[in-house]
Amino acid sequence: FIKRKKLPPGPIRLPLIGNLHMFGENLHQDLYKIAKKYGPIMTIYFGLVPTIIASSPHAAQLFLKNHDQIFASRPHHAACYYIFYKQRNLIMGKYGPYWRHMRKLCTLQLLNNVKINSFQSMRKQEVQILVNFLEKAASHRDVVDLSAKLTSLSANMACLMVIGKKYNNVDGDFKDMVQEMSRMAATPNLADLFPFLRLILRMKQIAKSCDEFLENVIDEHTGQYLSDQSKTSIDMVDTLMEIMQSGETEFEFDRRHVKAILLDLLVASMDTSSTSIEWILSELFKHPNVMKKLQSELDNVVGQKGIVEEKDLENLDYLNMVIKEGFRLHPVAPLLLPHESIEDCTLDGFQIPKGSRVLVNVWAIGRDPDVWHEPEKFIPERFVESTIDVRGQNFQLLPFGSSRRSCPGLQLGLTIVRLVVAQLVHSFDWELPNGTMPNDINMTEKFGLDLLVAFMDTLTTTIDWILSELLRHPNVMENL
Ligand code: HEM
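Remember, predicted model here, so these are calculated numbers, not experimental data. (Residues numbered from 1 in each chain as written. Predicted model: local features only at pLDDT ≥ 70, side-chain atom pairs only at ≥ 80, totals over all residues.)

Glancing now at the pairing of strand E6 (residues 357-360). In E6, alternate side chains face the same way, and those of Arg-357 and Leu-359 on one face and Val-358 and Val-360 on the other are all buried. Pairing of strand E3 (residues 339-340) with E6 involves two bridges; the strand directions are antiparallel. Opposite Glu-340, over in E6, you have Arg-357 as the bridge partner. (Buried ≥ 20, exposed ≤ 12 C-beta atoms within 10 Å, placed from the backbone. Helix = DSSP H or I, 4+ residues; strand = E, 2+ residues; numbered from the N terminus. Pairing = 2+ DSSP bridges.)

And the structure:
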């Protein structure tokens, strides 16, 4: 237990549930409101587990830059423990030599510019398939579920890059599993996450199907890479198998590690880009003037050739402002992923003990009125002559995090988001269906992964703590 008086301030907590009663469907929005009262560094109790919340650029900088190494670990997470090979993966791996090796391997071998560029023609082809579909729908004036199409585009790109086949052609069980994980993430009510034991059992089943799927993928690749010289691009399973078979890694690296990385890459790239694209397009539909201005930039830079090439992206200044503004208002991971401290630390006068969990509310930071003029409005022009960027150097805009634990897929994610938005805006004049007006577009956020990520383990830990206390006090147990 942590001595409360040394921790940052926070609302009064109730026995056992802590501050849980204060949260509704959107954790980051509720935390934003609470931070207005308790300040940019505050303590919130999820059950019995204290969690430090950073809600200003200065606070984010303290945790992610000034004390970066101390807060570079991740907490234990029951779901991730089962699904990601005892947290042997990169995303939820504990900070230490093993995580450092895995991170180096991913950044240098899988997500470097050469590797990302080797999938350029695949991206172009997949975007073209979507454009062809939309052209056909437009010629019949059919209404299109763009959200579903973007999800499928993003999943296809991720699967082609990682395992060498489209998501549409992937085994049904894996798809069911992905859908189930999304359903769990979209559970609208916290109470639906109970009972935990059932949830944990389900996690174990999901982990098993996931493992079987990845084993199959690896089996399919074994041997095939060497014999199949006709492959135009080497997918990430090929690369990882080659690394494993070379035996030249500085650390233990076997099939379990390959599977953990594969899962990371699939999970991290499947929904993130499509969700960002969907938000940005929704803002453009809501703001026809911005849409027109962007179309005119695309006409000038891309011209009549119709197809947006990745090399065009660097010349599209207004597009880049639109993307930054989209990320500011709608970060895909509003609380990043949870960080955990590996040693005691004094920070802004507060003592944060080793093992503290930290959430950085980048959603709140993107709406901080001390930093942003008219923060609720979508105004890409705010970035004219501004050096603020999304790459983790500017703490007022952190959609990919910053420093050691920042997103290693930033370049890839950014390329996909810019390419798809540019192509869809350049190829079509968009209309909302059935007389919907721009102001009618529903911009309410759905209950997202952040809640699952932040809560799930704090609740199981709370139960663990209560049970251990009961075991230590048999008389209390008996009374109960
Ligand atoms: C628009 C797209 C994307 C966004 C907005 C995004 C955002 C993020 C964020 C916020 C984090 C957590 C940072 C933190 O905890 O401080 C993260 C971590 C991560 N992302 Fe991304 N991401 C995107 C795409 C991708 C892609 C395409 C990949 C790889 C194929 C990827 C791989 C990862 C990995 C492996 C981590 C864990 C890093 C670690 O813990 O060391 N991401 N991402």
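On to the site of the ligand, then. Close to the ligand lie 25 residues, the nearest being Ala-268, Gly-401, Cys-407, Gly-409 and Gly-413. Contributions of two or more residues to the shell around the ligand are made by helix H12 (255-270), helix H13 (272-286) and helix H17 (410-427). Among the elements that make up the shell around the ligand, the one with the highest residue count is H12 (four residues). (Near = placed C-beta within 6 Å.)

Within strand E2 (residues 49-54), six of the six residues are buried, which leaves the element mostly enclosed by the surrounding structure. Alternating residues of E2 divide into Val-49, Thr-51 and Ile-53 and Pro-50, Ile-52 and Ala-54, and every residue in both groups is buried. As paired strands, strand E1 (residues 41-46) and E2 are joined by six bridges and run antiparallel to one another. Bridging from a neighbouring strand, Ile-44 pairs with Thr-51 of E2. Taken together, E1 and the strand that follows it, E2, pair antiparallel across an intervening segment of two residues, in which Gly-47 is found at a positive phi of about 70 degrees. Of the strand pairs in this sheet, E2 and E6 are connected by four bridges, and their pairing is parallel.

Okay, the confidence of the model for the protein chain next. Averaged over every residue, the pLDDT of the protein chain is 86; the share at 70 or more is 86%. Predicted confidence is poor over residues 185-194, with pLDDT under 50, and the contacts of this stretch with residues over four places away or in other chains come to twelve contacts. For this predicted complex, the interface confidence comes out at an ipTM of 0.99, alongside a pTM of 0.89. (pLDDT = per-residue confidence, 0-100. Contact = placed C-beta atoms within 7 Å.)

This part is about unusual backbone geometry. A positive phi angle, near 65 degrees, is found at Leu-16, a position not held by glycine. Its place among the elements puts Leu-16 in the segment before helix H1 (27-38). The phi dihedral of Glu-385 is positive, around 55 degrees, even though this residue is not glycine. Take Glu-385: there are 5 C-beta atoms within 10 Å of it, and that puts it in the exposed class.

Let's shift gears to the packing of helix H11 (residues 236-246) against H12. For the pair H11 and H12, the least separation of the axes is 10 Å and the interaxial angle reads 155 degrees. Taken together, H11 and H12 sit at an angle that is classed as roughly antiparallel. For H11 against H12, the interelement crossing comes out right-handed. Judged by residue contacts, Met-236, Val-237, Leu-240, Met-241 and Met-244 of H11 engage Val-258, Ile-261, Leu-262 and Leu-265 from H12. When its residues are assigned to classes, the contact of H11 with H12 shows nine nonpolar, no polar and no charged. (Axes fitted to C-alpha atoms, helices over the stretch in contact; angles between N-to-C directions. Parallel < 35°, antiparallel > 145°, perpendicular 65-115°, else oblique. Left-handed = near helix turned anticlockwise from the far one by under 90°. Nonpolar A, V, L, I, M, F, W, Y, C, P; charged D, E, K, R; others polar.)

A separate point is the sheet that holds E6. Spatially, E1-E2-E6-E3 is the arrangement adopted by the four strands of the open sheet, whose pairing is mixed. Both outer strands of the open sheet, E1 and E3, are each paired with one neighbouring strand and no more. Contacts from H1 reach E1 and E2 within the one sheet, and its direction differs from that of E1 by about 130 degrees. Each of E1, E2, E3 and E6 is contacted by helix H2 (residues 57-66), which is oriented at about 130 degrees to E6, the strand it contacts most.

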